[in-house]
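The lines below spell out each chain.
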Amino acid sequence: MHFYDDVADVPGDFGPSAVTIGKFDGVHVGHRAVIAHLEDAARARGLVSTVVTFDQHPLNVIDPLRVPPALTSTAQRRELLDAVGVDTTLLLRFDSALQAKPAEAFVSEILVHTLHAKLVFVGSDFRFGARGAGDVTLLRQLGERHGFQVELIDDVDLADDVRSVGERRVSSTWIRELLSVGRVAEAARLLGREHAVRSVVVHGNQRGRAMGYPTANLAPACEGFVPADGVYAARVLHDGVTYPAAVSVGNNPTFEGVPAKQIEAHLLDVDLDLYDETISVLFVAYVRGMVAFRGMDELAAQMRQDDLDIRLLLGMPVSA
């Protein structure tokens with residue numbers, strides 16, 4: 001995938017292209033459906049499939065108090081877009097200048113003169129330009145003027161697959177709500193993959209190692225949305241290799257001084273020195289909530305039960 005994080009870096013002979021525009025936070029199955037339509041249309045017409053997205057949520061500039069936490073970092077989003085096979089991603093810096101750009105100028109400068117768009121895919125609620133003045137009707141009018149076609153993408157609905165949630169359009173908001181209550185398996189169905197967070201492994205207090213369960217503690221500055229406090233069946237990705245793991249999220253109420261939203265990963269049947277290494281934690285299933293135990297013996301007994309439960313959830317062999 002070609003990646004540009006500045007309009008000025010796009011070659012003058014770029015395109016012609018088929019373009020879709022959006023935040024693409026999480027690159028969930030709805031986003032992937034849009035990109036699949038984009039790629040099919042681009043191949044059929046000999047165009048370059050192109051995603052236009054933003055370096056931050058527009059609300060960070062427009063209304064910071066209302067901005068939702070991101071499901072993925074910009075780096076994670078770039079990797080996910082690369083993985084789905086889009087030809088090019090243009091990352092626009094959403095700042096006050098872009099916010100103030102008139103709708104007609106956005107189309108002429110970005111879509112026409114930079115990307116040489118011939119086909120533009122958007123949702124029916126798509127808005128663009130200063131104060132959201134541009135809508136699909138205006139985009140179609142500008143397309144007729146500048147020589148590109150506008151097509152709408154139908155929403156992707158997984159209500160039949162996730163009946164307990166009810167009928168609802170797949171969205172980053174829905175996924176965020178599921179993760180906020182620990183429903184990582186349902187979130188994974190909407191994402192099309194296991195939700196992941198990524199950070200550097202830092203030194204902890206060594207309590208887990210002393211109990212026979214050494215953990216990799218992630219630095220607080222994680223990439224990706226951290227799900228609800230609790231214990232999870234998970235996988236840890238490091239240097240291209242994935243390991244089964246038991247993961248806890250939270251402040252571990254049995255002990256004092258543990259940071260809120262601390263992520264600790266215990267690799268099953270593997271003991272690696274991961275200090276200062278970057279790892280990704282992929283959440284598979286919720287096991288239980290955080291509990292304050294009365295002592296180390298009670299905690300150790302629960303950890304043994306967690307180990308058994310997580311092995312079963314991950315399809316690992318369990319000794320008698």
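Residues numbered from 1 in each chain as written. Predicted model: local features only at pLDDT ≥ 70, side-chain atom pairs only at ≥ 80, totals over all residues. Heavy atoms only, no water.

## Quick notes on the sheet that holds strand β3 (residues 48–54)
Line of reasoning, step 1. One open sheet holds the 6 strands; their spatial order is β1-β4-β3-β2-β5-β6, and the pairing between them is parallel. Pairing within the sheet leaves two strands with one partner each, and these edge strands are β1 (2–4) and β6 (149–152). Averaged over all pairs of adjacent strands, the angle between strand axes in this sheet comes to 20 degrees, irrespective of strand direction.
Line of reasoning, step 2. Of the strand pairs in this sheet, strand β2 (residues 17–21) and β3 are connected by 5 bridges, and their pairing is parallel. Its bridge partner lying in β3, Ala 18 is registered against Ser 49. (Pairing = 2+ DSSP bridges. Helix = DSSP H or I, 4+ residues; strand = E, 2+ residues; numbered from the N terminus. Axes fitted to C-alpha atoms, helices over the stretch in contact; angles between N-to-C directions.)

## Thoughts on helix α8 (residues 184–191)
Line of reasoning, step 1. Of all 8 residues that make up α8, 6 are buried, and the element is covered over most of its length.
Line of reasoning, step 2. Among the residues of α8, those classed as buried are Val 184, Glu 186, Ala 187, Ala 188, Leu 190 and Leu 191.
Line of reasoning, step 3. Summarising the contacts, the buried residues of α8 are in contact with α1 (29–45), α7 (172–180), β7 (195–202), β9 (230–238) and β12 (278–288).
Line of reasoning, step 4. In the stretch just after α8, Gly 192 is the one whose phi turns positive, near 80 degrees. (Buried < 20%, exposed > 50% of the residue type's maximum accessible area, 1.4 Å probe, protein only. Contact = heavy atoms within 4.5 Å.)

## Here's the deal with the sheet that holds β12
Line of reasoning, step 1. The strand order around the closed barrel formed by 6 strands is β7-β8-β11-β10-β9-β12, and the pairing between neighbours is antiparallel. Neighbouring strand axes in the sheet, compared pairwise and without regard to direction, differ in orientation by 45 degrees on average.
Line of reasoning, step 2. Relative to strand β10 (residues 241–250), β9 runs antiparallel, the two sharing 9 bridges. Bridge assignment links Ala 233 to a residue of β10, and that residue is Ala 246.

## What about the pattern of salt bridges?
Line of reasoning, step 1. Within the structure shown, the criterion is met by 14 salt bridges.
Line of reasoning, step 2. As a salt-bridge pair, Arg 235 and Glu 194 come within 3.2 Å of each other at their nearest N and O atoms. Here Arg 235, found in strand β9, pairs with Glu 194, found in the loop between α8 and β7; they are 41 residues apart in sequence, far enough to count as distant.
Line of reasoning, step 3. According to the relative accessible area criterion, Arg 235 is partly exposed, its value standing at 27%.
Line of reasoning, step 4. Classification of Glu 194 as partly exposed rests on a relative accessible area of 23%.
Line of reasoning, step 5. Note that Asp 269 and Arg 311 form a salt bridge whose closest N and O atoms lie 2.8 Å from each other. Within this pair, whereas Asp 269 is found in the loop between β11 (262–267) and β12, its partner Arg 311 is found in helix α10 (residues 296–313), the two being separated by 42 residues in sequence.
Line of reasoning, step 6. For Arg 311, a relative accessible area of 13% gives the class buried.
Line of reasoning, step 7. Taken together, the shared-partner salt bridges connect Glu 79, Arg 198 and Glu 223 into one network. (Salt bridge = Lys/Arg side-chain N within 4 Å of Asp/Glu carboxyl O.)

## Quick word on a negative patch on the surface
Line of reasoning, step 1. The grouping of Asp 239, Asp 273, Asp 276 and Glu 277 at the surface amounts to a negative patch.
Line of reasoning, step 2. Inspection of the secondary structure assignment puts Asp 276 in the loop between β11 and β12.
Line of reasoning, step 3. Of the residues examined, Asp 276 reaches a relative accessible area of 61% and is grouped as exposed. (Patch = residues over 30% accessible without salt bridge, like charges linked within 9 Å, V, L, I, M, F, W, Y side chains within 5 Å. Areas by Shrake-Rupley, 256 points an atom, 1.4 Å probe, with all protein chains shown as cover. Lys, Arg positive; Asp, Glu negative; His and termini not counted. Charge placed at Lys NZ, Arg CZ, Asp CG, Glu CD.)

All we've got here are geometric facts, nothing functional implied.
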